[in-house]
Amino acid sequence: MTLTGILEHKDRVRLWVLMLLSLIATASSLLDPLILKFIIDDVLSSRRFHLLLPAIVFLLLAKLISLLLVYVYGMAFERLIQSVTLSLRHRLFERITFMTYQAFRRYDRGDLIRLLTTDVSNIRSLLSAAQRVFVHSARLCVILIFVASLNATVVGFLILVMPLYAFVQRRYQRTLRTQAESMAHADIGVLNFFTTRLPNYLLVKTSVQEKRELDSQDRLTRKQSELTIHYLSKVLRSLGLIGAITALTIAGLFFGGGIAVAGGAMTIGTLVALFGYTIQLFEPLSGLVSIPLGLQDAWVSSDRVKTVLSHPDQEPRGEHVRCFPLQGTIEFDRVSFAYPDQPDRLVLDDVSFRINAGETVAVIGETGGGKSSIALLLLRFYEPTAGSILFDGRPLTDYSPGYLRSRIGFMSQRNVLLPETIMENILYAAPEGGCARAEDAARKAAIHDRILRLPQGYDTMVGTDGGAFSEGEKQRLSLARVLAQDPDLFLFDEPTASLDAKTGTEVMQAVRRAAQGKTTIIVTHRPSEVPFADKVLRLEGGRANFLSRSPL
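Engineer: Explain the pattern of salt bridges residue by residue, including any values.
Structural biologist: Summed over all chains, the structure comprises 20 salt bridges. Close ionic contact of Glu 78 with Arg 124 constitutes a salt bridge, the shortest N to O distance being 2.4 Å. Highlighted residues: Glu 78 in helix H3 (residues 52–97) and Arg 124 in helix H5 (residues 109–150), separated in sequence by 46 residues. A relative accessible area of 34% places Arg 124 in the partly exposed class. Between Glu 383 and Arg 380 there is a salt bridge, with the nearest N and O atoms lying 2.9 Å from each other. Look at the salt bridges and you will find they share partners, linking Asp 111, Arg 114, Asp 119, Asp 187 and Arg 304 into a network.

Okay, structure coming up:
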């Protein structure tokens, strides 16, 4: 088991200090059998009753000190666990946030949600397991030393029994890990089902497919349930074998010890002490055997977490990349592009065009013709397969992705609103902006008056998926967010795709007023909505050519 790549250096140091503290607590708890032996053999059997009270007081003090150390250790370990969990979730979310777009798309949404929740929580189990392995191992060695000092024959008997535990561990460990991986995949399947079906509630209802979706849900959850039951069955069988071996060992100890006591070769106090140490021996031994049995899913989570933390597909953060102001001149020079998952299918094939600063260009073409690919390339979500893209005469690669996106006001066909206040949504890309900037952006997007009519105005919470706002209003709120960003140029990808013709025209008029004087690219399937475009770029068959005016 390894936590390398998950724990930071300071956390590993704290973990080792806590392990040492736990060892001290363990050592204090191991005094009990020796004290009991002293009371039975040297106080009661020898009739030295004046030592009984001091011996009992010493026993109580040892127990109280042990309990106090356990409390101190438990609180300190919980603080470490919470610190590690917070740090790990932050690091994971940071890696996901800065992951390249194409790498991000390789993950299912349910997979990422499980990674940030269940998998992070499972790391807690791994930390506890690492601590228990260390403490149980040390405790086991100390107990064997004490037993050997009391009776060498008994320690030999216990050492003969211990390999049976190792056999149980070896027998079930590999099977349980495979089973845990299957359970993780089933869990992800259920998460993906719900995260894709619930947002599409209207599609299910209008298609009258409730029964079909219910059957699919039953099939997935039934499979998940069967895997869980099968996994638990194997765990219980292995733990049952452990319990049986423990019971037989204790029976053998009392049988042999009873004969020794009857023959005068062993005192009753020694037998009681050996019984106490045998019980304490099986506690760490059972713990060591149970650790791999109960942590198969945690090991799977550990592998998944380390994979993301070491993921090489990360965007540059931008601090070391030179950033230049954008004037707005864009040039594609013999650009070809294919998506990584379909490298043989060119979406753009030897495309060349130039957009001058301040121009408004409508990009039209058939669905799948590469219109949205232009937007993704300009935002550096992907890199061209061939050719180059220039901003103001400089290669696109001279600009960090973060800087480009901060200076390009991008609005997609899918209006994304967060379940926060209207003010927070509008200022999402410009959190340093104040109320005046948000209200000015809302006015330009023609949504200010609608907001003021709400009881709480700009402090109104936007519900899930836009709450009670219409599609047109949600699109205007998205436009206000872009405007509040105060970008150097605008990039609109099918901004009216989900709107009716009238509302689409109104939104485009708001776009025209807001983007005046700045380079604006509008990807659209409705060229009639952008008669104000200076140029129209038609994409067809991976090729591009300019039309002189917008076709009505």
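And the narrative resumes.
Engineer: Give a description of a nonpolar patch on the surface that names residues and reports values.
Structural biologist: Together, Leu 53, Val 57, Leu 61, Leu 64 and Leu 67 make up an exposed nonpolar region whose accessible area comes to about 490 Å². Given the relative accessible area of 61%, Leu 53 is considered exposed.

Engineer: How would you summarise the sheet that holds strand S2 (residues 348–355) if you had to cite specific residues and measurements?
Structural biologist: Taken in spatial order, the four strands of this open sheet run S2-S1-S4-S5, and their pairing is antiparallel. Each having just a single partner strand, S2 and strand S5 (394–395) make up the two edges of the open sheet. Sheet topology places strand S1 (residues 330–337) next to strand S4 (residues 386–391); five bridges connect them, and they run antiparallel. Within S4, the residue paired with Asp 333 across the bridge is Ser 388.

Engineer: Summarise unusual backbone geometry; cite the residues concerned and give the values.
Structural biologist: Even without being glycine, Arg 47 reaches a positive phi, approximately 60°. Looking at the element boundaries, Arg 47 is found in the loop between helix H2 (32–44) and H3. Even without a glycine there, the phi angle at Ala 446 is positive, about 60°. Mapped onto the elements of the fold, Ala 446 is located in the loop between helix H14 (435–444) and helix H15 (448–452).

Engineer: Give me the lowdown on the pairing of strand S8 (residues 519–523), citing residues and values where you can.
Structural biologist: Burial analysis of S8 places five of its five residues in the buried class, which makes it a mostly covered element. Both faces of S8 are covered, namely the face carrying Thr 519, Ile 521 and Val 523 and the face carrying Thr 520 and Ile 522. With four bridges connecting them, strand S3 (residues 360–365) and S8 associate as parallel partners. Its bridge partner lying in S8, Thr 360 is registered against Thr 520.

Engineer: Explain the nonpolar core to me, using residue names and the numbers behind them.
Structural biologist: Grouped together as the largest cluster of nonpolar side chains are 38 residues, with contacts concentrated most on Ile 422, Ile 426, Ile 451, Leu 477 and Leu 479. Looking at this core, the elements that each hand over two or more residues are S3, helix H13 (422–426), H14, helix H16 (471–484), strand S7 (489–493) and helix H17 (501–514). Per-element accounting of this core gives the leading share, six residues, to H16. Filtering out sequence-adjacent residues up to four positions away, Ile 422 remains in contact with Ile 451, Leu 454, Gly 457, Tyr 458, Thr 460, Val 462, Phe 469 and Leu 477. Ranked by size, the runner-up nonpolar core spans 33 residues in total, among them Phe 332, Leu 379, Leu 491 and Ile 521.

Engineer: Describe the environment of Ala 441, listing the residues and the values that go with them.
Structural biologist: Along the chain, Ala 441 falls in helix H14. Beyond its immediate sequence surroundings of up to four residues, Ala 441 is in contact with Ile 426, Ala 480, Leu 483 and Ala 484.

Engineer: Can you lay out the pairing of strand S9 (residues 535–540) for me, pointing to particular residues and giving the numbers?
Structural biologist: As paired elements, S3 and S9 share five bridges and run parallel to each other. Bridge pairing in S9 links Ala 362 to Val 536. In this structure, S9 lies alongside strand S10 (residues 543–547), joined through five bridges in antiparallel fashion. Across the sheet, residue Val 536 finds its bridge partner in S10, namely Leu 547. The turn linking S9 back onto S10 is made up of two residues, and Gly 541 within it adopts a positive phi angle of 60°.

Engineer: Before we move on, could you go through the domain arrangement of the protein chain and cite the residues and values that matter?
Structural biologist: The extent of an interface is frequently quoted as the accessible surface area lost upon association of the parts. Once the domains are mapped, the protein chain shows domain 1 (1–151 + 293–314), domain 2 (161–265) and domain 3 (330–547). Opposite the 16 residues of domain 1 that make contact, domain 2 presents 18 residues. For the pair domain 1 and domain 2, the two sides together bury roughly 1,400 Å², of which 66% comes from carbon and sulfur. The tally of links from domain 1 across to domain 2 stands at one salt bridge. Taking the shortest distance from any N to any O, the salt bridge between Asp 187 and Arg 114 comes out at 3.0 Å. Taken together, domain 1 and domain 2 are joined by three residue pairs in polar contact (both at pLDDT 80 or more).

Engineer: Report on the side chain of Arg 476, specifying residues and quantitative values.
Structural biologist: Of note, Arg 476 is situated in helix H16. Residue Arg 476 is classed as buried on the basis of its relative accessible area, which comes to 11%. Separated by 3.3 Å, the side chain of Arg 476 and the backbone oxygen of Ala 445 make a polar contact. The residues contacting Arg 476, other than those within four sequence positions of it, are Ala 445, Ala 446, Ile 447, Glu 506 and Val 507.

Procedures and definitions
Residue indices follow the written sequence of each chain, beginning from 1 at its first position. Reporting of local features is limited, given that this is a predicted model, to residues whose pLDDT is at least 70; pairs of side-chain atoms are given and counted only at 80 or more, and all residues count toward the totals for whole chains, interfaces and linings. Computation of side-chain values covers all heavy atoms of the structure but excludes hydrogens and water. Each salt bridge in this description consists of a side-chain nitrogen of Lys or Arg and a carboxyl oxygen of Asp or Glu lying within 4 Å of one another. Each helix corresponds to a stretch of at least 4 residues labelled H or I by DSSP, and each strand to a stretch of at least 2 residues labelled E; elements are numbered beginning at the N terminus. Note on exposure labels: buried denotes an accessible area under 20% of the residue type's maximum, exposed denotes more than 50%, and partly exposed covers the range between, all computed with a 1.4 Å probe on protein chains only. Each patch is built from residues lacking any salt bridge and having more than 30% relative accessible area; the joining distance is 9 Å for like charges and 5 Å for nonpolar side chains (Val, Leu, Ile, Met, Phe, Trp, Tyr). Shrake-Rupley sampling with a 1.4 Å probe provides the accessible areas, and residues are treated as covered by the protein chains on show and by no other component. Any two strands between which DSSP finds at least two bridges are classified as paired. Remark: nonpolar core denotes a set of buried residues (Ala, Val, Leu, Ile, Met, Phe, Trp, Tyr, Cys) joined through side-chain atoms within 4.5 Å. Contacts are residue-level and defined by heavy atoms, with any inter-residue pair within 4.5 Å sufficient. Throughout the structure description, domain borders are defined by an automatic or database domain assignment. A simple way to read buried area is as the amount of 1.4 Å-probe accessible surface that goes missing from two parts once joined, with both sides added. Counting of polar contacts relies on pairs of N or O atoms within 3.5 Å, with two restrictions inside protein: one atom must be capable of donating a hydrogen and the other of accepting it, and residues adjacent in sequence are counted only when both atoms are side-chain atoms.

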